[in-house]
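Descriptive structure summary
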Amino acid sequence: MPGNVFCICTRMAKHPETVFVCQNCGNEARKWIGQCPDCREWDTFVEERFRMSSHNSRLNPAGKRFAGREAVAFQNVESQEEARIPSGIEELDRVLGGGIVAGSIVLIGGAPGIGKSTLAVQMADKLSSRGLKILYVTGEESDRQVKMRGERLGLLAEHVFLLPETDLQTVFGTVEQMAPQILIVDSIQTMFSERIESAPGSVSQVREVAAQLMMLAKQTGVPVFVTGHVTKDGSIAGPKTLEHIVDTVLYFEGDRHHNHRIIRATKNRFGAVNEIGVFEMTGSGLVPVNNPSELFLQERPAGASGSAVTACIEGTRPMLLEVQALAGGSRAGTGRRMTQGFDHNRAALLIAVMEKRLGFQFGSDDIFVNVAGGLEIDEPAADLGVAAAIASSFRGIEIDRGTALFGEVGLTGEVRGVLQSAARVQEARALGFERLILPRSNLKGSDRMLGIRAVGVSNLEEAMEELFG
Ligand code: TYD
Ligand code: MG
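Here is a short report on the structure shown in this document. (Residues numbered from 1 in each chain as written. Chains lettered and ligands numbered in written order. Predicted model: local features only at pLDDT ≥ 70, side-chain atom pairs only at ≥ 80, totals over all residues. Heavy atoms only, no water.)

For strand S15 (residues 307-314), a buried count of eight out of eight residues is recorded, marking the element as mostly surrounded by other parts of the structure. Side-chain alternation along S15 places Ser-307, Val-309, Ala-311 and Ile-313 on one buried face and Ala-308, Thr-310, Cys-312 and Glu-314 on a second face that is also buried. Pairing of S15 with strand S16 (residues 317-328) involves eight bridges; the strand directions are antiparallel. When the sheet's bridge partners are listed, Ser-307 is paired in S16 with Gln-324. Counted along the chain from S15 to the antiparallel partner S16, the turn is two residues long, and its residue Gly-315 has a positive phi close to 70 degrees. Across two bridges, S15 lies against strand S19 (residues 403-405) in parallel orientation. By the bridge assignment, Thr-310 is partnered in S19 with Leu-405. (Buried < 20%, exposed > 50% of the residue type's maximum accessible area, 1.4 Å probe, protein only. Helix = DSSP H or I, 4+ residues; strand = E, 2+ residues; numbered from the N terminus. Pairing = 2+ DSSP bridges.)

Rendered as C-alpha cells:
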C-alpha cells in the first residue's frame, strides 16, 4: 500500500514552506488575499512559514509507512471514573466539572487584567498546600513579578516553581527534569515553538504550542493550564481551532468594571458546559461567591419601573438575575433597539410579538435591554422576564419586588415550558420571592410549594394581566 495515500498534511507536501493564515479566524490560503473568505475581515492574512524538520513526526515522507500500534478492544478497555484532583477552589472545581482531570488541558481565557494570572497563582498555591508540585511558566511577567503578586495575596506556594521562559522546547526540558504534577503556562500567546517560524502569538504558533502541550498532557498525564487573551470581538486570540484542541475552555465573562468575576465553561469534555463560577475581586485576590443570586440582586432599585427578576439556569445552577429595560424617549426616526447580556435578535422578536399580540405601540421609541451585573443570558427561559421588564418600563408601572418570572415566549405570544423548572422555583423560594410567574405547563407540583405562590400562564397576555392587572 503506498504510504502517500495516508499523508496527513497535503498542504505541506505540495507547498512545503509557506502558508498564509488569517490572524482573525485561522483560515488558511496558498496565496495572500485581501479579504478573508471565511470571516470577511480585511487585511488579516499573514505569511507563516513552517520549519520542516526530521523531528516533526506529523510528516510522513511519501513512500514510508507509519509505525502502527495495536488497538485495544472496546471490552478490554478499563473503565474508570476520571481521577480528579480538587483544585481547592470550589467555584473553580464547579466549572471544571468537579476537579482537575489528569492529562487534561484547560484554557483560561479573558480580557487583559481580568484576573487570569491571579486565578492561576491562587490555584497553584492551593494545590501546593496539599503537597503537589507545580511548574508555573510565565512568559509575560518576570518571576519577581509573579512572586510579588503571590506575596500580596499572602500565598505560601511552597511547592510552586516559577520559570520565566517563552521557548516551549526549554519548558519541555524543565518538565522532564522536575516532573511537576501540574503545569501552568501563562500565557499561550507568549510561547513559541521553534518548529514554526512565525512570531509568538500568531495563529500558527498558538495552535502549534497548544497541540504540543496537548500531547504532553496526554502522554504524561500531567494536567496543563494555559491562559490566553481574547481579541476585541471576544474570541480567544488566535484561531478557533485552539478551542477545539483543548479539553476545557474557561472564560472570564463580563467586564473589568464590576467587582465580581464570572468564569464560564464554554467547552468541557469532562463536565457540563455553561457552568459558571462566581468570584469577587478583592484586595486579596479572587474570593468565591457562595450565593450569586444574592450578589446579582443586591443593587436592585426600589420603586423603579423597567426591572424584572428572571430565574435562569447557568450550567447546572439556578440563578436569579435582574433584567432591566428602558423603553421610550423617542426621537424622530427609527427607534434604537439595544441589548446587553441578551441576544439582540431575540429581543427584537419579543418586541414584535408584544406589538402584534398585545397591541403595544412602541413606534419609534428607543428600547434598551440590559442584564444587570454584566452576565450574559442565553436561554429562552428569560423571555418572559425581558418582556415584563420592557412592558413595565413602557407603561411606567413597577413590578412587585417579590415577583420573579421565567418562561419561553413563542411567536404567537404563547408562553412555553422550559427545562428544570423545579430548580428555578426552588431558587426563587430560597431567596424569599413570594410570587413566581411561570409557564402553565411547568406548574405541576410547583403550585403547592410552601412559601411561594406559583402562577401558571399560557400566554403573554395572561402574564401581563397577572403583573399589571
Ligand atoms: P491579572 O490576574 O494580572 O490579570 P490577567 O492575568 O488576566 O491579565 O489581574 C490583574 C488585575 O487584578 C489588576 O487590575 C489588579 C487586580 N487585582 C486585584 O484587584 N486584587 C488582587 O489581589 C490582585 C492580585 C489583582
Ligand atoms: Mg496575566
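The discussion continues.
Tallying each qualifying case throughout the model produces three aromatic pairs. Relative to Phe-362, the ring of Phe-360 lies with its centre 5.4 Å away and its plane at 15 degrees, an arrangement referred to as stacked. Among the residues examined, Phe-360 registers a relative accessible area of 6% and is labelled buried. Here Phe-362 falls in the buried class, since its relative accessible area comes to 1%. Plain terms: the ring middles of Phe-362 and Phe-394 are 4.8 Å apart, the flat faces sit at 75 degrees to each other, and that makes the pair edge-to-face. Of this pair, Phe-362 sits in the loop between helix H9 (344-358) and strand S18 (366-371) while Phe-394 is found in helix H10 (residues 383-395), placing the two residues 32 residues apart along the sequence. By relative accessible area, which is 29% here, Phe-394 ends up partly exposed. One cation-aromatic arrangement involves Arg-424 over Phe-406; the distance from NZ or CZ to the ring centre is 5.5 Å. (Phe/Tyr/Trp six-rings, centres within 6.5 Å; stacked < 30°, edge-to-face > 60°. Lys NZ or Arg CZ within 6 Å of the ring centre and 35° of its normal.)

Within the structure, ligand 1 sits among 16 residues, and Gly-113, Ser-117, Thr-118, Arg-149 and Thr-282 are positioned closest to it. In this structure, Thr-282 approaches ligand 1 through a main-chain N or O atom, which is 2.7 Å from a nitrogen atom. With respect to ligand 1, the backbone of Gly-285 contributes an N or O atom lying 2.8 Å from an oxygen atom. Relative to its free-state accessible area of 560 Å², ligand 1 is covered by the protein chains to the extent of 77%. With three residues, the top contributor of residues to the shell around ligand 1 is helix H3 (residues 116-129). Class assignment for the residues of the shell around ligand 1 results in five nonpolar, eight polar and three charged. (Near = heavy atom within 4 Å. Polar contact = N/O pair within 3.5 Å; in protein donor to acceptor, adjacent residues only side chain to side chain. Areas by Shrake-Rupley, 256 points an atom, 1.4 Å probe, with all protein chains shown as cover. Nonpolar A, V, L, I, M, F, W, Y, C, P; charged D, E, K, R; others polar.)

On to the packing of helix H5 (residues 168-178) against helix H6 (residues 203-220), then. In contact at an axis separation of 11 Å, H5 and H6 are set at 15 degrees when each is read in the N-to-C sense. Taken together, the axis directions place H5 and H6 in an arrangement best described as roughly parallel. As H5 runs across H6, the sense of the crossing is right-handed. The segment H5 lies against H6, with Leu-168, Gln-169, Phe-172 and Val-175 engaging Val-209, Gln-212, Leu-213 and Leu-216. Its residues placed into classes, the contact of H5 with H6 shows six nonpolar, two polar and no charged. (Axes fitted to C-alpha atoms, helices over the stretch in contact; angles between N-to-C directions. Parallel < 35°, antiparallel > 145°, perpendicular 65-115°, else oblique. Left-handed = near helix turned anticlockwise from the far one by under 90°. Contact = heavy atoms within 4.5 Å.)

It is worth spelling out the sheet that holds S19 at this point. The strand order across the open sheet built from seven strands is S17-S18-S16-S15-S19-S22-S23, with neighbouring strands paired in mixed fashion. Taken across any chain shown, the strands that pair with only one partner, and hence form the sheet edges, are strand S17 (337-340) and strand S23 (453-457). Sheet twist, expressed as the average angle between the axes of neighbouring strands with direction ignored, equals 25 degrees. In terms of strand pairing, S19 meets strand S22 (residues 435-439) through three bridges, oriented parallel. The residue of S22 that forms the bridge with Leu-405 is Ile-437. Against the sheet, H9 touches S17 and S18, its axis set at about 130 degrees to S17.

Now for the environment of Phe-252. As for its position among the elements, Phe-252 is in strand S11 (residues 248-253). Once the C-alpha coordinates of Phe-252 and Ala-265 are considered, the two residues, 13 residues apart in sequence, prove to be 9.0 Å apart. In this structure Phe-252 touches Ile-108, Gly-109, Gly-110, Ile-114, Gly-115, Lys-116, Leu-119, Arg-261, Ile-262, Ile-263 and Leu-286, once residues within four positions along its chain are discounted.

Where helix H12 (residues 460-468) is concerned, the buried positions are Leu-460, Ala-463, Met-464, Leu-467 and Phe-468. The arc that holds every buried residue of H12, seen down its axis, measures 105 degrees, which confines them to one face. Counted as exposed and oriented over 90 degrees from the buried face of H12: Glu-461 and Glu-465. A side-chain oxygen of the first residue of H12 lies 3.2 Å from the backbone nitrogen of Glu-461; this N-cap is Asn-459. Looking at the residues trailing H12, positive phi occurs at Gly-469, about 75 degrees. (Arc of directions from axis to C-beta.)

With that settled, the discussion passes to the nonpolar core. The biggest cluster of nonpolar side chains holds 45 residues, and the ones touching the most others in it are Phe-342, Leu-384 and Ile-390. When residues of this core are assigned to their parent elements, the largest contribution, seven residues, is made by H10. Counting residues in hydrophobic clusters, the runner-up holds 30 residues, among them Ile-134, Tyr-136, Ala-265 and Phe-279. (Core = buried A, V, L, I, M, F, W, Y, C linked by side-chain atoms within 4.5 Å.)

These values are about where atoms sit, not about what they do.
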